[in-house]
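Understanding the architecture of this molecule
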Amino acid sequence: MKMRMAIEVAQILLSAAAVVGVGMLSAWSYRPARDDIELVTIGALVVVLVLGIRQMQRAVAEYRADAGGPAHD
């Protein structure tokens, strides 16, 4: 489980960094729409976090199922 959790955490962090990076570059390159770009960036960041947390929950559920503990999904 430790390896799967580490992979999921790394994926969340890299995805969040990519979203923030693209958002910052977009806001910098087109200043008139800065507020809109920041709003979309925040929305995309929330989506990345929610989907990443869901995958972490699945990893824990698989580990519990393999270990014989109660599985939640």
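Reading guide: rules and limits
- Residues numbered from 1 in each chain as written.
- Predicted model: local features only at pLDDT ≥ 70, side-chain atom pairs only at ≥ 80, totals over all residues.
- Heavy atoms only, no water.
- Helix = DSSP H or I, 4+ residues; strand = E, 2+ residues; numbered from the N terminus.
- Rg over C-alpha atoms; globule rule 2.2 N^0.38 Å.
- Buried < 20%, exposed > 50% of the residue type's maximum accessible area, 1.4 Å probe, protein only.
- Axes fitted to C-alpha atoms, helices over the stretch in contact; angles between N-to-C directions.
- Parallel < 35°, antiparallel > 145°, perpendicular 65-115°, else oblique.
- Nonpolar A, V, L, I, M, F, W, Y, C, P; charged D, E, K, R; others polar.
- Contact = heavy atoms within 4.5 Å.

1. Here we look at the overall build of the protein chain
Scanning the protein chain for helices and strands turns up two helices and zero strands. Taking 11 Å as the expected radius of gyration for a compact globule of 73 residues, we find that the protein chain reaches 17 Å, considerably beyond that expectation. Its C-alpha atoms put the protein chain at 55 × 20 × 5 Å along the principal axes. Counting across all 73 residues of the protein chain, residues that qualify as buried make up 19%.

2. Focus: the packing of helix α1 (residues 2-29) against helix α2 (residues 34-67)
α2 packs onto α1 with a crossing angle of 175° between their chain directions and a minimal axis gap of 9 Å. Overall, the two elements α1 and α2 adopt an arrangement that is roughly antiparallel. Partitioning the contact of α1 with α2 into residue classes produces 16 nonpolar, seven polar and four charged.

3. Overview of the side chain of E8
Its location among the elements puts E8 in helix α1. Overall, the relative accessible area of 11% leaves E8 in the buried class.

4. Some thoughts on the side chain of T41
Tracing the backbone shows T41 in helix α2. T41 sits in the buried class, given a relative accessible area of 15%. If we ignore the near neighbours within four places in the chain, the residues touching T41 are V19, V20 and G23.

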